[in-house]
Amino acid sequence: MRSIDQTLVDEVWRETASYPPGRVAGEANDFLARQPHVAAFAHSVTHEQDASVQRAALGLCFLLFKVLERSLGHPFPLLAESRIQNAHHAVTEWLLTLDGDGEESDRVLETVSAPGHPTLPAYLIAVFYGESAAGCDERVRAGFALMLRTLTDALDVGRVET
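What counts, and where the lines are drawn
Residues numbered from 1 in each chain as written. Predicted model: local features only at pLDDT ≥ 70, side-chain atom pairs only at ≥ 80, totals over all residues. Heavy atoms only, no water. Axes fitted to C-alpha atoms, helices over the stretch in contact; angles between N-to-C directions. Helix = DSSP H or I, 4+ residues; strand = E, 2+ residues; numbered from the N terminus. Parallel < 35°, antiparallel > 145°, perpendicular 65-115°, else oblique. Contact = heavy atoms within 4.5 Å. Nonpolar A, V, L, I, M, F, W, Y, C, P; charged D, E, K, R; others polar. Buried < 20%, exposed > 50% of the residue type's maximum accessible area, 1.4 Å probe, protein only. Left-handed = near helix turned anticlockwise from the far one by under 90°.

Undergrad: Break down the packing of helix 2 (residues 21–34) against helix 3 (residues 36–46) for me, citing the residues and quoting the values.
TA: Running from N to C, helix 2 and helix 3 point in directions that differ by 100 degrees, and their axes come no closer than 5 Å. When the axis of helix 2 is compared with that of helix 3, the two are roughly perpendicular. Every residue of helix 3 that contacts helix 2 at F31, L32, A33 and R34 is listed here: P36, V38 and A39. Grouping the constituent residues of the contact of helix 2 with helix 3 by class yields six nonpolar, no polar and one charged.

Next up, the structure:
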C-alpha cells in the first residue's frame, strides 16, 4: 500500500487527464458499476445543478477512487450506502457548527482548506480547478468540497501528506 500524498494525487491526475476519450469513458463506466452508491450520492447532491456540474462531481469521485486504487494497488471494494449516509449526516451536523460572517460557501472552503491542515478533498479540488479557480462559482466549489469530505469520511481517509 502506498500512502496518499500530494505526489500520488498529482501523478494520478496527470495520468487520467492524458487518457484518450475512449479510455476515460470505459474506466468511468467501470467505476460507476463498481461504486453505484458513490454515483448515486454524487447525483443526489448535484441534481439541481446543470449537467456540467453533475459530470464534474462524478469526475471528482472518479479521481478520488483512482487515487485510492493507486494507493491500494487494486480496485476499491464497494463503499456501502450506509457509510455514505452516516458520513453525510456527520458533515451536515458539522456544517451547523461553522461560525462566521459571510457566505456559507466561503466558510466551508476556509474550513476545509485550513492552512496547516491539508485534506484530500481540498487538494483534489485545488488540482481539479488548477489556476482557473478565481472565476469559478464558489457555491459549486464548496459543494464539491463537502461531497468529497463526505466520501473521504465514509472511506476513513482525508488527510493528505505534504
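Undergrad: Summarise the environment of H37; cite the residues concerned and give the values.
TA: With respect to the helices and strands, the residue H37 is situated in helix 3. Overall, H37 belongs to the partly exposed group, its relative accessible area being 25%. Residues H37 and Q85, 48 residues apart in the sequence, show an inter-C-alpha distance of 9.8 Å. Excluding residues that lie within four positions of it along the chain, H37 makes contacts with L78, L79, A80, E81 and I84.

Undergrad: For the packing of helix 7 (residues 120–129) against helix 8 (residues 138–155), give the residues involved together with the corresponding values.
TA: It is at 8 Å that the axes of helix 7 and helix 8 come closest, and there the two elements cross at 135 degrees. Viewed along their axes, helix 7 and helix 8 adopt a mutual orientation that is oblique. Seen from above, helix 7 lies across helix 8 with right-handed handedness. Contacts between helix 7 and helix 8 involve L120, P121, L124, I125, F128 and Y129 from the first element and V140, R141, F144, A145, L148, R149 and T152 from the second.

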